[in-house]
Amino acid sequence: MRKGIALLITLMFVMIISVAIGYGLTQIKKASRVVEDEKILYQSSMLLDDVMAIMLASPELRNLADSNSSDDLYIFLANSRYLPLEIGDEKVVLSFESANAKLNINSMNKKNEPLFRDYFSRYMVGSNYVDILKECMRKDQAKDEYNNYTSALFDENPTLFRDYIASKKHLDMINRFYMREYGDTNLKNVKFEELFSYQNAGDSSVDLNYAKPAVWELMLGCSRDRAEALYQGAGSYKSLQDLQLNDFEKKNIAKFQTTFFAPYILVTIEIIRAKSSSKIRFVYDIKFKRGYDFVFEV
């Protein structure tokens, strides 16, 4: 009964947001004829406003926040994963997923650093790679240690942000430098899209009901097959006992922040036209009804 109600709530949310965004896009197509050169940016901004307004006022999301139920959240996300809408020659794709399915790369610390090194070594990536990552996470370094670098990364990129790794594009720049500097193309075999998130604010714990296989593999120091098996149980975990970890895995997972219910949704809005596209991505906190970590790509 409870799962049936949760599914009904999700379908109501999907229906409301689909109708609202469809209507909003129709109005934008009419209004934006006078700003053709900035059309894609204009549309993105207005659609973001519409999506935020709907989420802030949504009783369905308020019910999710009040229920504190991992089951309800899983049903909601499973049934609102992709919402494609088409109006004329334009397509808008909304997607909703857990913001805590991946491991925040900036969560690397002295306790779990050996697991990062072990993970990359299994893909035949040299240990210098992790050293370079650490050089890009100096937010908490003492001032007299801040500018002591062992690589030439910041000689070549003196303006590169170095407090923390802020985005996939930021990491891509680091990766290109590493592969060129060390001639190590094994890094291309790492599934970065499945592995890391890059937020600095908010809750950076991993929700084990959504953790990707690569995340399990790194956190537990386990094989890919073991990681895939744990991923198959997504949505069913309530406690560590449900994971049936061995002693080695329990010791490793304790080095990371984990949870079984993280009330944060990663929202992506993509507008696709014949010759251009734009994407907006942000994290929505359903408890405190706010968005953060906004990323715009055109």
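Note that the structure is a prediction, hence the values are computed from the model and not measured.

1. Some remarks on the overall build of the protein
Part 1 of the argument: When helices and strands are counted, the protein shows 12 helices and nine strands.
Part 2 of the argument: With 298 residues in all, the protein has 48% of them scored as buried.
Part 3 of the argument: Long-range contacts, defined here as pairs at least 24 residues apart, represent 64% of the contacts in the protein between residues at least 6 apart.
Part 4 of the argument: Carbon and sulfur atoms form 53% of the exposed surface of the protein, whose accessible area is close to 15100 Å².

2. Digging into the pairing of strand β9 (residues 290-297)
Part 1 of the argument: Pairing geometry for strand β8 (residues 277-285) and β9, over six bridges, is antiparallel. For K279, the partnering residue across the bridge sits in β9 and is E297.
Part 2 of the argument: The turn joining β8 and β9, which pair antiparallel and follow one another in sequence, is formed by four residues; a positive phi near 55° is taken by K289.

3. Some words on the nonpolar core
Part 1 of the argument: Residues F120, L133, F196 and W216 are the most contacted members of the largest nonpolar core, which totals 48 residues.
Part 2 of the argument: Listed by contribution, the elements that provide at least two residues to this core are α5 (113-122), α6 (128-135), α7 (153-156), α8 (168-182), α9 (192-195), α10 (213-220) and α11 (224-232).
Part 3 of the argument: Take this core: its biggest share by element is six residues, from α10.
Part 4 of the argument: If we ignore the near neighbours within four places in the chain, the residues touching W216 are L208, A211, G221, C222, A227, L230, Y231, Y237, L243 and I253.
Part 5 of the argument: Core analysis: the second largest hydrophobic core is formed by 26 residues, L47, M55, L77 and Y284 among them.

4. Digging into helix α3 (residues 59-67)
Part 1 of the argument: Restricting attention to buried positions, one finds in α3 the residues E60, L61, L64 and A65. The arc enclosing the buried residues of α3, seen along the axis, measures out at 140°, which places them on a common side.

5. Some words on the side chain of E194
Part 1 of the argument: Relative to the elements of secondary structure, E194 occurs in helix α9.
Part 2 of the argument: Of note is the side chain of E194, whose polar atom sits 3.1 Å from the side chain of R224.
Part 3 of the argument: Excluding residues that lie within four positions of it along the chain, E194 makes contacts with K102, K212, P213, A214, V215 and R224.

6. A closer look at the packing of α5 against α10
Two quantities define a packed helix pair, namely the angle between the axes and the distance from one axis to the other.
Part 1 of the argument: Two numbers describe how α5 lies on α10: the axes approach to 8 Å, and their chain directions differ by 120°. Relative to α10, α5 is oriented oblique. From α5, L115, F116, Y119 and R122 reach across to α10, where they touch A214, E217, L218 and M219.
Part 2 of the argument: The residue inventory of the contact of α5 with α10, partitioned by class, reads six nonpolar, no polar and two charged.

7. So, the packing of aromatic side chains
Part 1 of the argument: A full pass over the atoms with the stated rule returns 15 aromatic pairs.
Part 2 of the argument: For the pair Y119 and F120, a centre-to-centre distance of 5.5 Å together with 80° between the ring planes defines the contact as edge-to-face.
Part 3 of the argument: Of the residues examined, F120 reaches a relative accessible area of 1% and is grouped as buried.
Part 4 of the argument: A centroid spacing of 6.3 Å and a plane angle of 75° characterise the contact between W216 and Y237, whose relative ring orientation is edge-to-face. You can see W216 sitting in helix α10 and its partner Y237 sitting in the loop between α11 and α12 (247-253), a full 21 residues away along the chain. Like W216, the residue Y237 is buried in the burial classification.
Part 5 of the argument: The rings of F116, Y119, F120, Y123, Y129, Y178, Y182, F192, F196 and F256 are connected pair by pair, giving a single aromatic cluster.

8. A short note on the confidence of the model for the protein
Part 1 of the argument: Residues with a pLDDT of 70 or more make up 81% of the protein, whose mean pLDDT is 83.
Part 2 of the argument: Throughout residues 31-37 the model reports pLDDT below 50, and contacts reaching past four residues in sequence, or to other chains, amount to five contacts.
Part 3 of the argument: For the stretch residues 142-146, pLDDT sits under 50, and the model shows five contacts to residues farther than four places along the chain or on other chains.

9. Some remarks on α5
Part 1 of the argument: Among all positions in α5, only E113, L115, F116, Y119 and F120 are buried. Along the long axis of α5, the arc covered by the buried residues comes to 160°, so they all point the same way.
Part 2 of the argument: Those residues of α5 hidden inside the fold are in contact with β3 (103-104), α6, α9, β4 (196-197), α10 and α12.
Part 3 of the argument: Just past α5, the residue M124 takes up positive phi, approximately 65°.

About the cut-offs
- Residues numbered from 1 in each chain as written.
- Predicted model: local features only at pLDDT ≥ 70, side-chain atom pairs only at ≥ 80, totals over all residues.
- Heavy atoms only, no water.
- Helix = DSSP H or I, 4+ residues; strand = E, 2+ residues; numbered from the N terminus.
- Buried < 20%, exposed > 50% of the residue type's maximum accessible area, 1.4 Å probe, protein only.
- Contact = heavy atoms within 4.5 Å.
- Areas by Shrake-Rupley, 256 points an atom, 1.4 Å probe, with all protein chains shown as cover.
- Pairing = 2+ DSSP bridges.
- Core = buried A, V, L, I, M, F, W, Y, C linked by side-chain atoms within 4.5 Å.
- Arc of directions from axis to C-beta.
- Polar contact = N/O pair within 3.5 Å; in protein donor to acceptor, adjacent residues only side chain to side chain.
- Axes fitted to C-alpha atoms, helices over the stretch in contact; angles between N-to-C directions.
- Parallel < 35°, antiparallel > 145°, perpendicular 65-115°, else oblique.
- Nonpolar A, V, L, I, M, F, W, Y, C, P; charged D, E, K, R; others polar.
- Phe/Tyr/Trp six-rings, centres within 6.5 Å; stacked < 30°, edge-to-face > 60°.
- pLDDT = per-residue confidence, 0-100.

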